[in-house]
Amino acid sequence: GKRIGLLTSGGDAPGMNGVVRAVVRMAIHCDCEAYGIYEGYEGLVQGGDMIRQLYWEDVRGWLLRGGTLIGSARCAAFRERAGRLAAARNLILNGIDALVVCGGDGSLTGADVFRAEWTGLLDELVATGTLTAEQVAPYATLNIVGLLGSIDNDFSGTDATIGCYSALTRICEAIDDVFDTATSHRRGFVVEVMGRYCGWLALMAAISTAADWLFIPEMPPRDGWEEDMCSIITKNRDRGKRRTIVIVAEGAQDRNLNHIASAKIKDILTDRLHLDTRVSVLGHIQRGGPPCAYDRWLSTLQGVKAVEALLALTPDTPSPVVTIRENTIGVSSLAETVKLTQETAASIDAKQFDRAMTLRDSE
Ligand code: F6P
């Protein structure tokens, strides 16, 4: 059987531990061995005891744990060729001939670069005398499978990334709480949610909590949005609404690419509408905590699929990434999915945005 290395990379996401559990157990089930690579690519570059075999019992109880128990990092060293060279050496020294990477856009791009360079890296390891030709011979190809783990849901070609529904659930719970105190005091609240480049969390939260207004990076508001926002809020207030909630993605911007900061929105509500307004930045609370049922299900089925896909790979098949579309788990080409994601505003559906903006109380 194969020796499968497994790492989680980039921002952690609820469900990553479910992936590790599923990959470890499915690997063992298929007569393979599973190796946890700790601290993301950092562990791959460093080697040593950062790479440890994981057994069936090691991952007991992991399905319901938040974060990632094998650690994650945004690793600068792996972006350099020297780092990837060290990583290749460590894989071979550990006898690892296949890799499962669970992470976001940057992490999976890194994995794809690594695979494309693989032959060159082996040549260099031999040429520099780091390893012998006999040592590298059994590792002519490196099979990599990607899994999309990110709270942002910022990937094209899949309906949901692992973690996004857990984060959305936490955001909705937090906004429900804000709703109570806002109503009590008849206050305005600007709630800032995560998403530097992707407004999926903000959009879904706005629909799910019936917010008054929404800002996301992908759809900058038209010029004069300050008046638009104020007039809707005034209308809602005139109809007896006691609270105002504006949701802003951390990376929201206007048409001139100027950041629309929460503080600026607060000032507009305070100065123009004389609303007693507070800002709540939800921050990393959105990223932590136990995975919701959907993410436990998704991480389990996708982890199983990742091992199946690895074992089915031939040297000419491009590296796959595990997806879910219309409730069906499948695989797509990792490189193509990464490219598509970089070219399009991932998962924002213009119709949903319009609905979020028109189904408010004022209509
Ligand atoms: O990609 C996940 C994410 O939580 C984004 O929504 C956010 O912009 C970023 O990570 C925050 O990164 P950091 O972990 O560096 O605080």
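If you're wondering where the values come from, they're calculated on a predicted model, not measured in any experiment.

**Some points on the overall build of the chain**
The helix and strand tally for the chain stands at twelve helices and eleven strands. C-alpha extents for the chain along the principal axes are approximately 80 × 40 × 35 Å. Separation between the mean location of the 37 positive side-chain charges and that of the 46 negative ones in the chain comes to 5 Å.

**Observations regarding the pairing of strand 5 (residues 143-148)**
The side chains of a regular strand alternate, residue by residue, between the two faces of the sheet. For strand 5, the buried fraction is high: six of the six residues fall into the buried class. Across six bridges, the pairing between strand 4 (residues 98-103) and strand 5 is parallel. Residue pairing for strand 5: Leu99 is matched across the bridge by Ile144. Looking at chain direction, strand 5 and strand 10 (residues 320-325) are connected through two bridges and run parallel. The residue bridging Leu147 from the neighbouring strand is Val322, located in strand 10.

**Concerning the nonpolar core**
Core analysis: the largest hydrophobic core is formed by 61 residues, its most contacted members being Ile4, Val20, Val100, Val191, Ile245 and Ile247. With eight residues, the single largest contributor to this core is helix 6 (residues 164-185). In this structure, Cys75, Leu108, Ala111 and Trp118 belong to the second largest nonpolar core, which totals 34 residues.

**Here's the deal with the side chain of Ser319**
Its place among the elements puts Ser319 in the loop between helix 10 (293-312) and strand 10. Engagement of the side chain of Ser319 in a polar contact is seen with the side chain of Arg115, the distance being 3.2 Å. If sequence neighbours within four positions are ignored, Ser319 has contacts with Asp112, Arg115, Ile144, Ser332, Ser333 and Leu334.

**Topic: helix 8 (residues 225-238)**
Taking 1.5 Å per residue, 14 residues should reach 20 Å; helix 8 reaches 20 Å between its end C-alpha atoms and fits that length. When helix 8 is considered as a whole, its buried residues turn out to be Trp225, Glu226, Asp228, Met229, Cys230, Ile232, Ile233, Asn236 and Arg237.

**Structural notes on the UniProt feature "active site" (unreviewed entry) in the chain**
Feature annotation in UniProt assigns "active site" (unreviewed entry) to the following positions: Asp152. When sequence neighbours within four positions are dropped, the list of residues in contact with Asp152 reads Thr161, Gly195, Cys198, Trp200 and Leu201.

**Observations regarding the packing of aromatic side chains**
Aromatic ring pairs: the centre-centre distance and the angle between the two ring planes describe each pair. Inspection of every chain in the model, using the stated rule, returns eight aromatic pairs. Relative to Trp118, the ring of Phe114 has its centre 5.5 Å away and its plane inclined at 80 degrees; by these criteria the two rings are edge-to-face. A residue pair is termed a helical-turn pair when its members lie 3 or 4 positions apart in one helix, as Phe114 and Trp118 do in helix 4 (residues 105-127) at four residues. Both residues of the pair, Phe114 and Trp118, belong to the buried class. With a centroid separation of 5.5 Å and an interplanar angle of 40 degrees, the aromatic rings of Tyr294 and Trp297 are classed as tilted. Remark: Trp297 and Tyr294 occur in helix 10; sequence separation between them is three residues, near one turn of the helix. For Tyr294, a relative accessible area of 25% puts it in the partly exposed group. Take Trp297: its relative accessible area is 35%, and that puts it in the partly exposed class. Of the aromatic side chains, those joined through ring pairs into one cluster are Tyr41, Phe78, Phe114 and Trp118. Arg52 extends its terminal NZ or CZ atom over the ring of Tyr38, reaching a point 3.9 Å from the ring centre.

Procedures and definitions
Residues numbered from 1 in each chain as written. Predicted model: local features only at pLDDT ≥ 70, side-chain atom pairs only at ≥ 80, totals over all residues. Heavy atoms only, no water. Helix = DSSP H or I, 4+ residues; strand = E, 2+ residues; numbered from the N terminus. Lys, Arg positive; Asp, Glu negative; His and termini not counted. Charge placed at Lys NZ, Arg CZ, Asp CG, Glu CD. Buried < 20%, exposed > 50% of the residue type's maximum accessible area, 1.4 Å probe, protein only. Pairing = 2+ DSSP bridges. Core = buried A, V, L, I, M, F, W, Y, C linked by side-chain atoms within 4.5 Å. Polar contact = N/O pair within 3.5 Å; in protein donor to acceptor, adjacent residues only side chain to side chain. Contact = heavy atoms within 4.5 Å. Expected span 1.5 Å × (residues − 1). UniProt positions renumbered as here; feature names shortened; annotations may be inferred. Phe/Tyr/Trp six-rings, centres within 6.5 Å; stacked < 30°, edge-to-face > 60°. Lys NZ or Arg CZ within 6 Å of the ring centre and 35° of its normal.

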